[in-house]
Amino acid sequence: MENAITAGLSRQIVLMRALEATANNVANQTTAGFKAEHVAFREYLARVPADRDSDVSLVFDPDSYADFSPGGLEQTHNALDFAIDGDGFFAVESVEGVLYTRDGRFSTNEVGELVTRDGGRVLDPAGAPILLDVEAGPPLLSPDGALLQNGVPVAALGVFEFDDPRALERRGDNRFRTTGEAKPAAAPRLSQGFIETSNVEAVAAMTDLVEINRAYEQAARVVETADELAREAVRRLSENA
């Protein structure tokens, strides 16, 4: 009974983490540049007492990882919306330092700096803020990532790549922090007037949500049944004492 309770609880831990990740995917299925999160786990075999001939499978240490496969491109006709076609991330200033995102929905602040929807400054390939002339009209993006106003290059969009995407740690606001080295992309491919859509597959995510809920309920019933059996065994022992 103890083995059943332990195995059931270990499964509930993993399912709860998977439920949180999947619910977050569903909530962000329309968020530009969002990357789906998945949960992996480690399995342990616990040896039962010597008078039995089987092991008990336990699941602990749930860990999550991001799916960096690209989303689709959606045309917005907004001159300050940009999408990366291929690998790479935009760099954004934050209170945590430089963070990276695929969400290219930008605008300008009161001094002409290119910023994110929450005011974070977007950076160029050298890691400096991008300054535009607000009186010169919308910029035009060249194929190499340069931003032109009145036919003159005034800035460039920074696109950064990583040797190992696993070095990226998910943060809030659809952004990532790196524990590795970020390098400017040698030949970034960018589209102006487009945004990258979320790579969450809505139907699959909803199906996963239902299945995880059912599995969690089953694990809860296993724990509850084992607990009731243990209580009944204690009651009978006390009656026969």
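Please refer to the structure placed before this passage.
Source: prediction; values computed, not measured. (Residues numbered from 1 in each chain as written. Predicted model: local features only at pLDDT ≥ 70, side-chain atom pairs only at ≥ 80, totals over all residues. Heavy atoms only, no water.)

(A) Layout of the nonpolar core. In terms of nonpolar packing, the biggest core is built from 16 residues, with F82, F90, L114, I130, L147 and L157 touching the most fellow members. Excluding residues that lie within four positions of it along the chain, L114 makes contacts with L80, F106, S107, T108, G120, R121, V122, I130, L132 and L157. Grouped together as the second largest cluster of nonpolar side chains are eight residues, A91, L123, F162 and F176 included. (Core = buried A, V, L, I, M, F, W, Y, C linked by side-chain atoms within 4.5 Å. Buried < 20%, exposed > 50% of the residue type's maximum accessible area, 1.4 Å probe, protein only. Contact = heavy atoms within 4.5 Å.)

(B) Summary view of the environment of Y216. Within the element layout of this structure, Y216 appears in helix α2 (residues 202–240). With relative accessibility at 26%, the residue Y216 sits in the partly exposed group. Distance in space between the C-alpha atoms of Y216 and V14 is 9.2 Å, their sequence separation being 202 residues. (Helix = DSSP H or I, 4+ residues; strand = E, 2+ residues; numbered from the N terminus.)

(C) Up close: unusual backbone geometry. Of note in this structure, H77 is not a glycine but carries a positive phi near 65°. Mapped onto the elements, H77 comes out in the loop between β3 (73–75) and β4 (82–84). For H77, a relative accessible area of 66% gives the class exposed. We note that D173 has phi near 60°; this positive angle belongs to a residue other than glycine. Mapped onto the elements of the fold, D173 is located in the loop between β13 (168–170) and β14 (176–178).

(D) The sheet that holds strand β11 (residues 152–156), seen in detail. The three strands lie next to each other as β9-β10-β11, forming an open sheet whose pairing is antiparallel. Edge strands, defined here as strands with exactly one partner in the open sheet, are β9 (140–141) and β11. Relative to β11, strand β10 (residues 146–149) is paired through four bridges, and the arrangement is antiparallel. Its bridge partner being in β11, Q149 is matched across the sheet by V152. (Pairing = 2+ DSSP bridges.)

(E) Molecular detail of the pairing of β10. Of the two faces of β10, the one lined by A146 and L148 and the one lined by L147 and Q149 are each fully buried. Here β9 runs beside β10; their pairing, made up of two bridges, is antiparallel. Bridge pairing in β10 places L140 opposite L148. If you look at the hairpin formed by β9 and β10, you'll find four residues sitting between the two strands, and G145 has a positive phi there, around 95°.

(F) Region of interest: the pattern of salt bridges. With the rule as written, the count across this model stands at 15 salt bridges. The partner of K35 in a salt bridge is E196, with the nearest N and O atoms 2.6 Å apart. With a gap of 161 residues between them, K35 in the loop between α1 (2–27) and β1 (37–47) and E196 in strand β17 (residues 194–196) connect regions that are remote in the sequence. Taken individually, K35 and E196 each receive the classification buried, so the pair is uniform in this respect. Ionic contacts of the salt-bridge type, sharing partners, join the residues R17, E20, E37 and R170 into one network. (Salt bridge = Lys/Arg side-chain N within 4 Å of Asp/Glu carboxyl O.)

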